[in-house]
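# A closer look at the structure
Each chain is listed here by its residues.
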Amino acid sequence: MDIKTIIICGVGGQGILLASDVLSDVLLNAGYDVKKSEVHGMSQRGGDVISTVRYGEKVYSPIVGEDEADMILAFEKLEALRNLRLLKRDGKVMINDFRWDPLPVATGTLKYPEDIVERVSRKTKNYKVVNATKVAEELGNIRVANIYLLGVLAKEMDVKREIWEDVIKKRVPQKAVDVNLKAFAVGFEG
Amino acid sequence: MRKLLSGNEAIARGAWEGGVHFGAAYPGTPSTEILENLAKYEEVLTEWSTNEKVALEVALGATFGGARALVAQKHVGLNVAADPLFSSSYIGVTGGLVIVTADDPGMHSSQNEQDNRHYARAAKLAMFEPSDSHEAKEFTRIAFDLSEEYDTPVLIRMTTRTSHSKSLVELGDRKEVEVKGYQKDFHKRNLLPANARVRHVFVEERMKKLEEFSNNFEYNRIEWGNREIGIIASGVAYQYAKEAMPDASFLKISFSYPLPFKKIEEFIKGVKKVIVVEENDPIMETEIKAKFPGVEIHGKDMIPMINELNPRIVKKALGVVGESEKVDYGEIPPRPPALCPGCPHTGIFYILNQLKVTVTGDIGCYTLGALPPLNAMDTCVDMGASISNAHGLDMALRVIKGEKKRIVGIIGDSTFFHSGITSLIDLVYNKGVSTVIILDNRITAMTGHQDNPGSGKTLKGEPTKEIDIEKIVRASGVEDVITIDPFDLKLAKKVINDAIHKEEPSVIIAKRPCALLYRKIKWKPLKVVPDKCIGCKICIRLGCPAISFRDNKAVIEPFLCTSCQLCKDVCPIDGAIVPDDSMDGLMIRDLWDLEKELKKSKEEK
């Protein structure tokens, strides 16, 4: 098979790196060669964060350039837009309908784009907008938003559900296993 | 067993498997996790050194005693360590010595894009260039044996993408190596000119032998494919090229100095046209062209020299794909990193911005004080430069040009230990009068919270002597020294203002722990009372990520606010910013008390 590329992006502090760790474990358990790349350093200071996960029979590069990613999972709306140049024409984008103002917007210097979804559609019609915060609140634990988003991603991938569930069980705190599996199910079945 | 490891984890593992006894480093992105991971192995003694030069000298000392040692630093860190690096080449080793340089093409978090493969040539040292985590582990392990066999320190050149990407590694066992012990060898280790002249002859001989090693090294590998194009590549650039043109012939360079010219000759003869794919400078290209004049060899005429590469850029350069289709995404506001909510540095930069002084800056989280809306740092050069830059600028403006004093140097605690101390002594010695602010947040924060001489703990987590910055400053000859709590804005403003108007050197230590040291705490946030907020935007000027401005009012994001209360202090309206009593939690301002801390440290003495 060809090498597939998934990009998970968002804002430092949103749990991007944990999510891409789970994704990498899942792909390894599914028998693929996996490479994962991320940029550290500024991530805790509210900057944008991107993690690239690539898998296939044999993966060479850990990163991609323009028009090369198959899917983008954006934990924040603006970050979906920022990384869109990396997406293949008509690749898939899953956008969490969550707005986190960058500093130039917070200080009133620049405007947060109101038409993000329309702009995304200029590159691909394969997009989906979800609301992880709402789902997590309904499940009574705001921390499960990440796992819900991985459920949304998993639905678009060809990996057995049991493999995902096994990794999630190992990665999340013992007492939160049930609620995380529920969050994953909502994303996967939704 | 196979495991997904980052390149940095793999280096630590490779060192452990290679029988390393000792590791030293100063943290720096993208190299930091190498020592953090090495410290997890019980068999290895590790330390955070005060700077990279010290780290290399300490490691070299360990090898004098016959221990195997590893040093790691970011690319610019090797500049700091360059002096002992060049000497170590002549001295060679007793226990194996491996020196990792983690370069940062693309400058994700660095001040330049220097290519440290030049150091192998300049200092005449062996160099490996891994292209993934497995190679990083293997080459590190192999490097220790090579180092002892050829009596040479060995460089391993990582880059951000090999250090911070994860790939599968086949794990091995540790090879137990005995610490040989010390035997005096004056002619080898004392580089008096008479000895050094003899050692230089040895170095040149060694390089010839290392070229033979390079020719025979199995990871310097020819992969025959289509003979029309032959690609020579090293490091992660090999992976990009392999993906761009999988069917071409490849010469993968893994041991990149000295280059394997016999293998290169064989490869060049076997293909029609050669393209060297390397990130940043044309180093292999230049050497290969010089060795084989008249052969069609391409390189930087096709591959960009500036910024990091990726598979797409290489594909475009090789003509595999055309230009990307242009899509108009509209304006996308940038998301620059910012000082955290509750950061003890924020208030100081807010004051410096108000005072309109000239600020020479330094390297750390606090460099973010240069960005809007704080805009309070004029220069950022290298570790420790804040103080020496301030002094030089003061000499030019005040002493030579006759202007009034107006320079403030600003530096972090770890950076002060790294190389601010010598600059401060220079300033006092040479009759400088600049004001220096030391932002002491009790940790090396930017690289992810490493301990330092001021934090009272070692890399292994053991308690140790806590070095007193104020005492060092006083001993350096500065008489006007004061330690303040940076959350006390009124006092801070008065102290800084007084200091810059006095024609004598002064040091202000702004002491309070990094907000991220309290990461697990639940905060009771502040909130804006909309009816009282007059929309003056003064609080916005703090640049706090928890505060935004919407519908002409300030808004505080409750999940980000730590209740440092700076916004409340700068707000001109009483009662416009108040604690949010609907939420339970602590307030970061209450968790630390300078007076108590000073009393405690006095009692301990």
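All figures in this text were calculated on a predicted structure; none of them were measured in a lab.

The next point concerns the side chain of Glu-308 of chain B. Residues and elements named next belong to chain B. Within the secondary structure layout, Glu-308 lies in the loop between strand S14 (297-298) and helix H14 (311-317). Separated by 3.1 Å, the side chains of Glu-308 and His-108 make a polar contact. Polar side-chain contacts of Glu-308 include one of 2.8 Å to the side chain of Arg-161. If sequence neighbours within four positions are ignored, Glu-308 has contacts with Pro-105, Gly-106, His-108, Glu-113, Arg-161, Glu-279 and Ile-313.

Overall, the predicted model of chain B reaches an average pLDDT of 97, with 100% of residues at or above 70. Here the prediction assigns the complex a pTM of 0.97, and the interface score ipTM is 0.96.

In this model helix H8 (residues 177-189) of chain A runs 18 Å from its N-terminal to its C-terminal C-alpha over 13 residues, within 8% of the 18 Å that 1.5 Å per residue would give. Here H8 of chain A has its buried residues at Val-177, Val-179, Asn-180, Leu-181, Ala-183, Phe-184, Ala-185 and Gly-187 of chain A.

Here the focus is the sheet that holds strand S3 (residues 45-48) of chain B. Residues and elements named next belong to chain B. Ordered in space as S3-S2-S4-S5-S7-S6-S12, the 7 strands form an open sheet in which the pairing is mixed. With partners counted over all chains shown, the strands left at the sheet margins are S3 and strand S12 (255-257), one partner each. Ignoring strand direction, the axes of neighbouring strands in this sheet form an average angle of 20°. Note: strand S2 (residues 22-25) against strand S4 (residues 69-74), 4 bridges, orientation parallel. Bridging from a neighbouring strand, Phe-22 pairs with Ala-69 of S4. Sheet contacts for helix H7 (residues 133-150): S4, strand S5 (97-103), strand S6 (126-128), strand S7 (154-159) and S12; angle to S7, the most-contacted strand, approximately 165°.

Let us look at a nonpolar patch on the surface. Residues Val-117, Tyr-127 and Val-129 of chain A make up a contiguous nonpolar surface patch of roughly 210 Å² in combined accessible area. Within the element layout of this structure, Val-117 of chain A appears in helix H4 (residues 116-120).

Residues and elements named next belong to chain B. Assigned domains within chain B: domain 1 (2-216), domain 2 (221-322), domain 3 (346-511) and domain 4 (521-604). For domain 1 and domain 3, the distance between their C-alpha centroids amounts to 33 Å. At the interface, 19 residues of domain 1 touch 16 residues of domain 3. Of the roughly 1,300 Å² buried where domain 1 meets domain 3, counting both sides, 59% is carbon and sulfur surface. Between the two partners, domain 1 and domain 3, sit 0 salt bridges. Across the contact surface, domain 1 and domain 3 share 7 residue pairs in polar contact (both at pLDDT 80 or more). Only helix H2 (33-38) and S3 provide two or more residues apiece to the side of domain 1 that touches domain 3. Of the residues assigned to the side of domain 1 that touches domain 3, the class counts are 9 nonpolar, 7 polar and 3 charged.

All names here are of chain B. With the rule as written, the count across this model stands at 21 aromatic pairs over all chains. Ring centres of Tyr-150 and Phe-213 lie 6.0 Å apart, and the angle between their planes is 65°; this geometry places the pair in the edge-to-face category. Of this pair, Tyr-150 sits in helix H7 while Phe-213 sits in helix H10 (residues 193-216), placing them 63 residues apart in sequence. Counting every residue linked through ring pairs, the aromatic cluster contains Phe-128, Phe-139, Tyr-150, Phe-213, Phe-217, Tyr-219 and Phe-255. Directly above the aromatic system of Trp-224 lies the positively charged group of Arg-227, at a separation of 3.7 Å from the ring centroid. Of note, Lys-252 hangs over the ring of Tyr-238, and the distance from its end group to the ring centre comes to 5.2 Å.

Looking now at the packing of helix H12 (residues 261-270) of chain B against helix H13 (residues 283-291) of chain B. Residue and element names in this part refer to chain B. Between H12 and H13, the shortest axis-to-axis distance is 12 Å and the interhelical angle comes to 75°. For the element pair H12 / H13, the angle class is roughly perpendicular. Contact with H12, carried on its side by Phe-261, Ile-264 and Ile-268, involves Glu-287, Ile-288 and Lys-291 of H13 and no other residues of that element. Split by residue class, the contact of H12 with H13 holds 4 nonpolar, no polar and 2 charged.

Here we take up unusual backbone geometry. Residue and element names in this part refer to chain B. Geometrically, the link from Thr-29 to Pro-30 is a cis peptide bond, its omega value of 10° lying close to zero. Looking at the secondary structure, you find Pro-30 in the loop between S2 and H2. Cis geometry is found at the peptide bond from Pro-372 to Pro-373, where omega equals 0°. Residue placement: Pro-373 occurs in the loop between strand S15 (358-360) and helix H16 (385-400). Residues other than glycine seldom take positive phi values, yet Asp-151 does so here, at roughly 55°. Within the secondary structure layout, Asp-151 lies in the loop between H7 and S7. Of the residues examined, Asp-151 reaches a relative accessible area of 15% and is grouped as buried. Backbone geometry places Asn-552, a non-glycine residue, at a positive phi of 65°. With respect to the helices, strands and loops of the structure, Asn-552 is situated in the loop between strand S21 (547-550) and strand S22 (553-556).

Definitions and cut-offs
Residues numbered from 1 in each chain as written. Chains lettered and ligands numbered in written order. Predicted model: local features only at pLDDT ≥ 70, side-chain atom pairs only at ≥ 80, totals over all residues. Heavy atoms only, no water. Helix = DSSP H or I, 4+ residues; strand = E, 2+ residues; numbered from the N terminus. Polar contact = N/O pair within 3.5 Å; in protein donor to acceptor, adjacent residues only side chain to side chain. Contact = heavy atoms within 4.5 Å. pLDDT = per-residue confidence, 0-100. Expected span 1.5 Å × (residues − 1). Buried < 20%, exposed > 50% of the residue type's maximum accessible area, 1.4 Å probe, protein only. Pairing = 2+ DSSP bridges. Axes fitted to C-alpha atoms, helices over the stretch in contact; angles between N-to-C directions. Patch = residues over 30% accessible without salt bridge, like charges linked within 9 Å, V, L, I, M, F, W, Y side chains within 5 Å. Areas by Shrake-Rupley, 256 points an atom, 1.4 Å probe, with all protein chains shown as cover. Salt bridge = Lys/Arg side-chain N within 4 Å of Asp/Glu carboxyl O. Domains from an automatic or database assignment. Buried area = accessible area lost by both parts, 1.4 Å probe. Nonpolar A, V, L, I, M, F, W, Y, C, P; charged D, E, K, R; others polar. Phe/Tyr/Trp six-rings, centres within 6.5 Å; stacked < 30°, edge-to-face > 60°. Lys NZ or Arg CZ within 6 Å of the ring centre and 35° of its normal. Parallel < 35°, antiparallel > 145°, perpendicular 65-115°, else oblique.

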